[in-house]
Amino acid sequence: MSQPAPDPLTNAFAAYRRGDAADCIDTLDRHRAFWTDRPDGWLVRGAAARALGRLAEAESAYLQAIALLPGYPEAWQNLGNLYAMCGKHEAAVNAFGKALDGRSEPDVRAQLFTAQSASAFSAGQIDLALKALEEAATLAPDSAPVHNQRGKVYWELGHTDGAIDAFRRASALDPAEPLYAVNYLLVSQFSERMEEADLAALAAAAARRVAQSVPEALRDAYRPPALAPGQRIRVAYLSSDFRQSAPGFFITSILEGHDRTRFEVWALSTSPVTDALSDRMKASVDHWVDVSKVPVPALVEWIRAQSIQVLVDLNGYTGGHRLGVFAARSAPVQVTWLGYEGPTQIPHMDVFLGDPHVSPPATHACYRERVVTLPYDFACYTAPDYAPGVAPTPALRNGFVTFGSFNKLAKVGPRTLDLWARVLAAVPESRLLIKWRHAGHPFARNRILQALESRGIDGTRVGFRDASPHPEMLAEYGDVDVALDPTPFSGGATTCDALWMGVPVVTLAGRRFASNHTVSHLLAAGLPELVARDADGYVAVCRNLAADVSALDRLRQSLREQVRHSPLCQSRFFMRPVERHFAALVDDALRT
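Residues numbered from 1 in each chain as written. Predicted model: local features only at pLDDT ≥ 70, side-chain atom pairs only at ≥ 80, totals over all residues. Heavy atoms only, no water.

Side note on helix α25 (residues 549-564)
Working note: α-helix, 3.6 residues per turn, so residues spaced by three or four point in the same direction. Taking 1.5 Å per residue, 16 residues should reach 22 Å; α25 reaches 23 Å between its end C-alpha atoms and fits that length. At S558, α25 shows its strongest bend, of approximately 40°. Buried within α25 are the following residues: L552, D553, L555, R556, L559, R560 and V563. (Helix = DSSP H or I, 4+ residues; strand = E, 2+ residues; numbered from the N terminus. Expected span 1.5 Å × (residues − 1). Bend = angle between axes of the 7 residues up to and from the residue. Buried < 20%, exposed > 50% of the residue type's maximum accessible area, 1.4 Å probe, protein only.)

Structure, rendered in structure tokens:
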């Protein structure tokens, strides 16, 4: 007897399963009569189209599957995942809800609730995000993805201890997954109980997971490139932040400050997102390459083939990183800079760029990398060209001083609130303005209000504002007289933004890299009087600034020009020592 002809849909699905989405689509197109009246046919068609990056086609296919079978949970789930990937978060929330209506299995429902929580949070539906998390945790209390999502929500809303616990549990439940170890490390930077050595140990654990993902044969295949006499040094920067972002305003200074008669500058972007700042950066490099879809092994081989002499990581462990490229050894000199606040502990990461304040000699034993110290600041700030003019000191119109913080809520912990309560008590008529994403939501706001009220501060003196686009946020510094830096994780770009808008920033020096961002920026800007060495000094600086509003306004009106002409904003001046270090490092690496 002859065998029945294979079902074309079965063949198409088999092609998809083996990773050949193009053959899957081709098979379906050649046999449309066999599957176009079947919901599962459109489901397969949608999945293959998404795999090929044909997102509108994928959406249409999933919707066709749903039209044929309105309660088709797999189609709703795939549609939700597609919408989440495209940033259509409200649509994703609805799609995941429809999928939940058709699934009863506890593990699948936990997965769907977790996905719905992520999309709801991104859509600003905080109550739903928290409720979905509770449902997921009840259904799957030992699920690493559930705890990871809980950590992300708690972290963003300022519940740092809860976030640390969640990421720690996710990491323990799935010891092989680098993401969970990385998130545990990143959130621990906000802990008041961590010292640099503790963070270095967590970084080492994350680095081991990253390194284990790199094939041994890939590491062993490295051969150093040659440098011909007179050839420009090829330096490549690898980052997901070649765009408008907090790191982006520092990266712009790096690229624009290079002497391109001596250096051939490459920008390797791990994000496909570009904007006006990206366009500005492109004018400052010799080569701009989108590597966002290139997997680590192929990227390693490609970088090696370009004979890059200096490869610079600008992400550290932050989103979009490609630390596996460095663990495999892709260039003779590998440097980590700017993106992460401390040692990466990644194998073959040769150098860490710091400064005397964020990475003093007392912390060097925590680093696997060789610490190279820049003379003024580890970073140089490029102000956004859309920044509005400096407004008058608001105390002149208000009759009271407004302190403010536009930092992440996770930075506003008990120690910071102790300081700020003392400041408000020392300046009795003053107000405090806190601005960050979802700062006004009760889950975020009540923690801060209860802490301040327990320290004797009337809650009516504290205002909260949600996030806004960067130009509007800069304009809102017109409502702030003095910016209060948090501790032990100080501001970075937020500090520079405030200074550019004429707002002095008061900081408390600490013992960790993350504690001293603002110290570096203030000293580079010529403002040592704003750096306190203890809590009493912090309060005294704030009280003294608030005591003379006329002097505060004079400082405000002169601050932008002072910052503009300081090492904090002089990119060519800033980059000369960096280039000398790069040249020496290349010489050392290629001679040995």
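Concerning the pairing of strand β1 (residues 233-239)
The element β1 is largely enclosed, with a buried count of six among its seven residues. Summarising the sheet, β1 and strand β2 (residues 263-269) pair through seven bridges and their orientation is parallel. Counterpart to S239 in the pairing with β2 is S269. With four bridges joining them, β1 and strand β4 (residues 310-313) adopt parallel strand pairing. From the neighbouring strand, V235 faces β4, where its bridge partner is V310. (Pairing = 2+ DSSP bridges.)

Here's the deal with the packing of aromatic side chains
For the coordinates displayed, the defined rule picks out 16 aromatic pairs. Taking the centre distance of 6.0 Å and the plane angle of 70° together, the rings of W266 and W302 count as edge-to-face. Of the two residues, W266 sits in strand β2 while W302 sits in helix α16 (residues 296-305), which places them 36 residues apart along the sequence. When its relative accessible area of 5% is taken as the criterion, W266 is described as buried. Residue class for W302 comes out partly exposed when judged on its relative accessible area of 29%. Residues F378 and F513 carry aromatic rings whose centres are separated by 5.2 Å and whose planes lie at 65° to one another, so their mutual orientation is edge-to-face. With F378 in the loop between β7 (370-373) and α18 (395-398) and F513 in the loop between β12 (505-508) and α23 (517-524), the pair connects residues that are 135 residues apart, well separated along the chain. Assessed through its relative accessible area of 5%, F378 is described here as buried. (Phe/Tyr/Trp six-rings, centres within 6.5 Å; stacked < 30°, edge-to-face > 60°.)

Focus: the packing of helix α5 (residues 73-85) against helix α6 (residues 89-101)
For any two helices packed against each other, one specifies the inter-axial angle together with the distance between the axes. The interhelical angle for the contact between α5 and α6, taken along N-to-C directions, is 160°, at an axis separation of 8 Å. Classified by the angle their axes make, α5 and α6 are roughly antiparallel. Remark: the crossing between α5 and α6 carries left-handed chirality. For the pair formed by α5 and α6, the contact residues are P73, W76, Q77, L79, G80, N81, Y83 and A84 on the first element and H89, A91, A92, N94, A95, F96, K98 and A99 on the second. When its residues are assigned to classes, the contact of α5 with α6 shows 10 nonpolar, five polar and one charged. (Axes fitted to C-alpha atoms, helices over the stretch in contact; angles between N-to-C directions. Parallel < 35°, antiparallel > 145°, perpendicular 65-115°, else oblique. Left-handed = near helix turned anticlockwise from the far one by under 90°. Contact = heavy atoms within 4.5 Å. Nonpolar A, V, L, I, M, F, W, Y, C, P; charged D, E, K, R; others polar.)

As for the side chain of T382
Structurally, T382 can be placed in the loop between β7 and α18. With a relative accessible area of 9%, T382 lands in the buried category. In terms of polar contacts, T382 uses its side chain to reach the side chain of S253, at 2.5 Å. Contact partners of T382, with chain neighbours within four places excluded, come to F249, T252, S253 and R280. (Polar contact = N/O pair within 3.5 Å; in protein donor to acceptor, adjacent residues only side chain to side chain.)

Topic: the sheet that holds β4
Spatially, seven strands are ordered β3-β2-β1-β4-β5-β6-β7 in an open sheet, and the strand pairing comes out parallel. In this open sheet, the two strands that pair with only one neighbour each are β3 (287-290) and β7. The mean inter-strand angle of the sheet, taken between neighbouring strand axes irrespective of direction, is 25°. Here β2 runs beside β3; their pairing, made up of four bridges, is parallel. Across the sheet, the residue bridging to A267 is W288, located in β3. Taken strand by strand, helix α26 (residues 571-591) contacts β1, β2, β4, β5 (333-336), β6 (351-354) and β7, and its axis lies near 110° from that of β1.

A word on the sheet that holds β12
If you walk across this open sheet you meet the six strands as β10-β9-β8-β11-β12-β13, and the pairing is parallel. Of all strands in the sheet, those with a lone pairing partner are β10 (462-465) and β13 (531-532), marking the two edges. In the sheet, strand β8 (residues 402-405) pairs with strand β11 (residues 482-484) via two bridges, with the strands oriented parallel. Opposite F403, over in β11, you have V482 as the bridge partner. Seen against the sheet, helix α24 (residues 535-547) touches β8, β11, β12 and β13 and runs at an angle of roughly 170° to β12.

Regarding the pairing of β8
Residues of β8 alternate between two faces, with T402 and G404 on one and F403 and S405 on the opposite face, all of them buried. Looking at chain direction, β8 and strand β9 (residues 431-435) are connected through four bridges and run parallel. Bridge pairing in β9 links S405 to I434. For the crossover that starts at β8, traverses helix α19 (residues 414-426) and ends in the parallel β9, the hand is right-handed. (Right-handed = clockwise from strand over helix to strand, strands pointing away.)

Some remarks on the pattern of salt bridges
Scanning the model with the defined rule gives 31 salt bridges in all. In this structure, R168 engages D165 in a salt bridge whose closest nitrogen and oxygen atoms are separated by 2.6 Å. On the criterion of helical spacing, the pair formed by R168 and D165 is a turn pair, its members being three residues apart in helix α10 (residues 160-173). Exposure remark for R168: the relative accessible area of 38% places this residue in the partly exposed category. Between R465 and E476 there is a salt bridge, and its shortest N-O distance comes to 2.8 Å. Residue R465 is found in strand β10, and its partner E476 is found in the loop between α21 (470-475) and β11; the two are separated by 11 residues along the sequence. When its relative accessible area of 29% is taken as the criterion, R465 is described as partly exposed. Through salt bridges with shared partners, a single ionic network connects R232, R234, R260, E264 and D286. (Salt bridge = Lys/Arg side-chain N within 4 Å of Asp/Glu carboxyl O.)

Looking at the environment of G162
Positionally, G162 belongs in helix α10. Among the residues examined, G162 registers a relative accessible area of 22% and is labelled partly exposed. Between the C-alpha atom of G162 and that of R150, which follows or precedes it by 12 residues, the distance is 8.4 Å. Dropping the residues within four chain positions of it, G162 is found in contact with R150 and Y154.

Side note on α23
With seven of eight residues buried, α23 lies mostly within the body of the structure. On the buried face of α23, the contacting elements are α14 (248-257), α22 (493-500), β12 and β13. G526 occupies a position one or two residues after α23 and carries a positive phi of about 80°.

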